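Take a look at the letters that make up each chain.
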Amino acid sequence: MVCAGSGIAPFRGFLQERAVIQADGERLGPALLFFGVRDPEVDFLYRDELEHWHETGVVSLRMAFSSTPDDGIAYVQDAIWRDRAEVAALFRKDARVLLCGDGERMAPAVRDTFVRIYEAETKVDHAEALAWAEQIEQEGVRYVADIYA
């Protein structure tokens, strides 16, 4: 899951469901949440809830704070690139990407990051990586974007 700001809204319900499933004793598969906000002290929506779910294994929270970058991680695409080996391993296991948020800057930057990861992992040229991205977007299952301008 990848989002920034209020793009967290659709993922919150999904994570609530995962928490209930976990509480019922069922084993959860991996779930990463790349979430970006400006300032961790001002606009980190649902912070307590998300940090609790991270601590209990409901989700692996990967934060990016644009006003206070940590180790060069200012935006969600930076965090995705940092964790590219893990992301690539999950993609090899048919992972799905769900993206929600800004369609003007964030979504294209995130898409580009996934293309770069695919290029690096598979050693294909840029055109082939772009074709791969278009294919998984058109399938509407492995890469689903709910974006707004």
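Residues numbered from 1 in each chain as written. Predicted model: local features only at pLDDT ≥ 70, side-chain atom pairs only at ≥ 80, totals over all residues. Heavy atoms only, no water.

The next point concerns the overall build of the chain. Regarding its fold elements, the chain presents six helices and five strands. In the chain, the order of α-helices and β-strands from amino to carboxyl end is β-α-β-α-β-α-α-β-α-α-β. Each principal axis of the C-alpha atoms in the chain carries an extent, and together these give about 40 × 35 × 30 Å. When the accessible surface of the chain is split by element, carbon and sulfur atoms take 50% of a total near 8,400 Å². Separation of charge centres in the chain, based on 16 positive and 27 negative side chains, amounts to 4 Å. (Helix = DSSP H or I, 4+ residues; strand = E, 2+ residues; numbered from the N terminus. Areas by Shrake-Rupley, 256 points an atom, 1.4 Å probe, with all protein chains shown as cover. Lys, Arg positive; Asp, Glu negative; His and termini not counted. Charge placed at Lys NZ, Arg CZ, Asp CG, Glu CD.)

Here we take up the packing of helix H4 (residues 84–92) against helix H5 (residues 106–122). The interhelical angle for the contact between H4 and H5, taken along N-to-C directions, is 80°, at an axis separation of 10 Å. On the basis of the axis angle, H4 is roughly perpendicular to H5. Where H4 approaches H5, its residues Arg84, Val87, Ala88, Phe91 and Arg92 are matched on the opposing element by Phe114, Ile117 and Glu121. Taken together, the residues of the contact of H4 with H5 break down into five nonpolar, no polar and three charged. (Axes fitted to C-alpha atoms, helices over the stretch in contact; angles between N-to-C directions. Parallel < 35°, antiparallel > 145°, perpendicular 65-115°, else oblique. Contact = heavy atoms within 4.5 Å. Nonpolar A, V, L, I, M, F, W, Y, C, P; charged D, E, K, R; others polar.)

A word on the pairing of strand E3 (residues 60–65). The buried fraction of E3 amounts to six of the six residues, a majority that puts the element mostly inside the structure. Side chains Ser60, Arg62 and Ala64 of E3 all project onto a buried face; the interleaved residues Leu61, Met63 and Phe65 project onto the opposite face, where all are buried too. Once you follow strand E2 (residues 32–37) into helix H2 (residues 47–56) and on to E3, the crossover reads as right-handed. (Buried < 20%, exposed > 50% of the residue type's maximum accessible area, 1.4 Å probe, protein only. Right-handed = clockwise from strand over helix to strand, strands pointing away.)

Turning our eyes to something else, we now look at the nonpolar core. In this structure, Val2, Phe34, Ile80, Val87, Val110 and Phe114 are the most contacted members of the largest nonpolar core, which totals 25 residues. Elements with a contribution of two residues or more to this core: E2, helix H3 (76–82), H4, strand E4 (97–102), H5 and helix H6 (126–139). At six residues, H5 tops the list of elements feeding residues into this core. Once residues lying within four places of it in the same chain are set aside, the contact partners of Val110 are Val2, Val76, Gln77, Ile80, Leu99 and Tyr143. (Core = buried A, V, L, I, M, F, W, Y, C linked by side-chain atoms within 4.5 Å.)

The next subject is the environment of Pro108. Its location among the elements puts Pro108 in helix H5. Among the residues examined, Pro108 registers a relative accessible area of 41% and is labelled partly exposed. With 31 residues separating them in the primary sequence, Pro108 and Gln77 have C-alpha atoms 9.6 Å apart.

Attention now moves to the packing of aromatic side chains. Evaluated as defined, the whole model comprises six aromatic pairs. Considering the side-chain rings of Phe44 and Phe65, the 5.8 Å spacing of their centres and the 55° angle between planes classify their relative orientation as tilted. With Phe44 in the loop between E2 and H2 and Phe65 in strand E3, this residue pair connects regions lying 21 residues apart in the sequence. For Phe44, a relative accessible area of 8% translates into the label buried. Ring centres of Phe114 and Tyr143 lie 5.8 Å apart, and the angle between their planes is 85°; on these two criteria the pair is classed as edge-to-face. Of this pair, Phe114 sits in helix H5 while Tyr143 sits in strand E5 (residues 143–148), and the two are 29 residues apart along the sequence. (Phe/Tyr/Trp six-rings, centres within 6.5 Å; stacked < 30°, edge-to-face > 60°.)

Let us now look at the pattern of salt bridges. Evaluation of the coordinates by the stated rule reveals nine salt bridges. Its salt-bridge partner being Arg47, residue Glu41 comes within 3.5 Å of it at the nearest N-O pair. The class of Glu41 is exposed, set by a relative accessible area of 64%. Overall, Arg47 belongs to the partly exposed group, its relative accessible area being 26%. (Salt bridge = Lys/Arg side-chain N within 4 Å of Asp/Glu carboxyl O.)

The values reported here are purely geometric and, on their own, carry no functional implication.
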